[in-house]
Amino acid sequence: MPPTINAINPSQGPTTGGTTVTLTGTGMAGATAVRFASSNAASFTLSSDTQITAVSPARAAGAVAVVVVHPTGNSNSVTFTYVVAQVPVITGVAPSNGTTSGGTSVTLTGTGFTGATTVTFAGVPATSFMVNSATQITAVTPAGSAGAAVVTVTTPGGTSAPNAFFFYAAPPVLNAAAPAQGPTAGGVVVTLTGTNLLNASTVRFGSTNAISFTVVSATQITATAPPGTGSSPITVITPGGTSNPVAFTYAATPTLTALVPSSGPTSAGTVVTLTGTNLASASAVTFGGTAASFTVMSDTQITALAPAGPAGPVTVTVTTVGGASPGRTYTRVAGPGI
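Where an unreviewed UniProt entry is consulted, the protein appears under the name Cell shape-determining protein, with the organism given as Streptomyces sp. gb1(2016).

Secondary-structure assignment places Thr 141 in the loop between β16 (136-140) and β17 (147-155). Taking the relative accessible area as the measure of exposure, Thr 141 reaches 1% and is therefore buried. Those residues in contact with Thr 141 that sit more than four places away from it in its chain are Gly 102, Gly 103, Thr 104, Val 106, Phe 121, Thr 127, Phe 166 and Tyr 168.

Time to look at the pairing of strand β7 (residues 51-55). Of the two faces of β7, only the one carrying Ile 52 and Ala 54 is buried; Gln 51, Thr 53 and Val 55 on the other face are not. With five bridges joining them, strand β3 (residues 20-26) and β7 adopt antiparallel strand pairing. Note on β7: the bridge partner recorded for Thr 24 is Gln 51.

Moving on: the UniProt feature "domain: IPT/TIG" (unreviewed entry) in the protein. Cross-referencing UniProt, the feature "domain: IPT/TIG" (unreviewed entry) maps to residues 2-83, 87-168, 171-251 and 253-331 in the present numbering. In the segment residues 87-168, helix accounts for 0% and strand for 59%; the C-alpha atoms at its two ends are 26 Å apart. For residues 171-251, the helix share is 0%, the strand share is 56%, and the end-to-end C-alpha distance is 30 Å.

Another point: unusual backbone geometry. For the bond running from Asn 9 to Pro 10, omega is -5 degrees, close enough to zero to count as cis. Counting through the fold element by element, Pro 10 comes out in the loop between β1 (4-9) and β2 (12-14). The phi dihedral of Asn 196 falls on the positive side, at around 55 degrees, and the residue is not glycine. Here Asn 196 falls in the partly exposed class, since its relative accessible area comes to 35%. Of note in the backbone geometry, Asn 199 takes a positive phi value of approximately 65 degrees without being a glycine. Summarising the element assignment, Asn 199 is placed in the loop between β22 (189-195) and β23 (202-205). Look at Asn 199 and you get exposed, because its relative accessible area is 57%.

A separate point is the sheet that holds strand β29 (residues 241-242). Taken together, four strands build an open sheet; the order of strands is β24-β23-β28-β29 and the sheet is antiparallel. The open sheet is flanked by β24 (208-209) and β29, the only strands paired with a single partner. Note that β23 and β24 share two bridges and pair antiparallel. Pairing of Phe 205 across the sheet is with Thr 208, part of β24.

Conventions and cut-offs
Residues numbered from 1 in each chain as written. Predicted model: local features only at pLDDT ≥ 70, side-chain atom pairs only at ≥ 80, totals over all residues. Heavy atoms only, no water. Helix = DSSP H or I, 4+ residues; strand = E, 2+ residues; numbered from the N terminus. Buried < 20%, exposed > 50% of the residue type's maximum accessible area, 1.4 Å probe, protein only. Contact = heavy atoms within 4.5 Å. Pairing = 2+ DSSP bridges. UniProt positions renumbered as here; feature names shortened; annotations may be inferred.

So, in structure tokens, the structure goes:
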């Protein structure tokens, strides 16, 4: 029985011919020709019993019937439309930037894309491209150098003007985070330094986005840490890709379990041993809000010199990267009167 054509793709091309058309259907094995109206295809290839590729011959503008010629009879016809070839024009590139390693899927909008044979970025052919319509092409960027790359489309009607651009962004690099620790509750403002940080779209602490961030320059970002626990390396995402991670650790809140001694004179100088947990990064020890000199002995012990003050109880706290501890009571006792 004669072959059947179910689809033709693309369904239009320039009057100059040369469009490679794929015909899909059934019963195509043994086909002897493919005709565009009364003209044979410039060439055709029988891919399988269900597919033929044919190159359109030159014809005048307008719709023509395409049929497959077969010893058992001609197939049904499908329509192919010849259009006058025009110089393509690119009016949009989206997204307009991506990584230097290539691989960004870009949508080109404009006119005159029918029959496009080449899409280039800075003269380098796209890794792949597809003509979606006379006004749209999707292309995958090749690798390129950082900076602006002219994008062009070539069709039988010519090559588009060099006035459309895709910007290759170098990968971001992080050198340091300061501070490199913060409380589990988040909220600490971290300064990130590195290179190629402009146009950052995301800053992450582990897998969690920063509460907020500001791109100060190409070499600096300030970011507010979200709540978290443990090790949470920081990364930055820009059009150039994802940076290397830099270390950031969430410090647990310190605790105090005992003060020895828990009382002393109103004068300064009593050595008090504070025991608790998460004390290693202590930055301050206070007695009733008055700073005391101190020495960190370990993560569970600090020795401090009680400052002078009036008789009565005061609250002792330790402040670390993880925050301020709950208070413990130290009592100053007045000496005997004379």
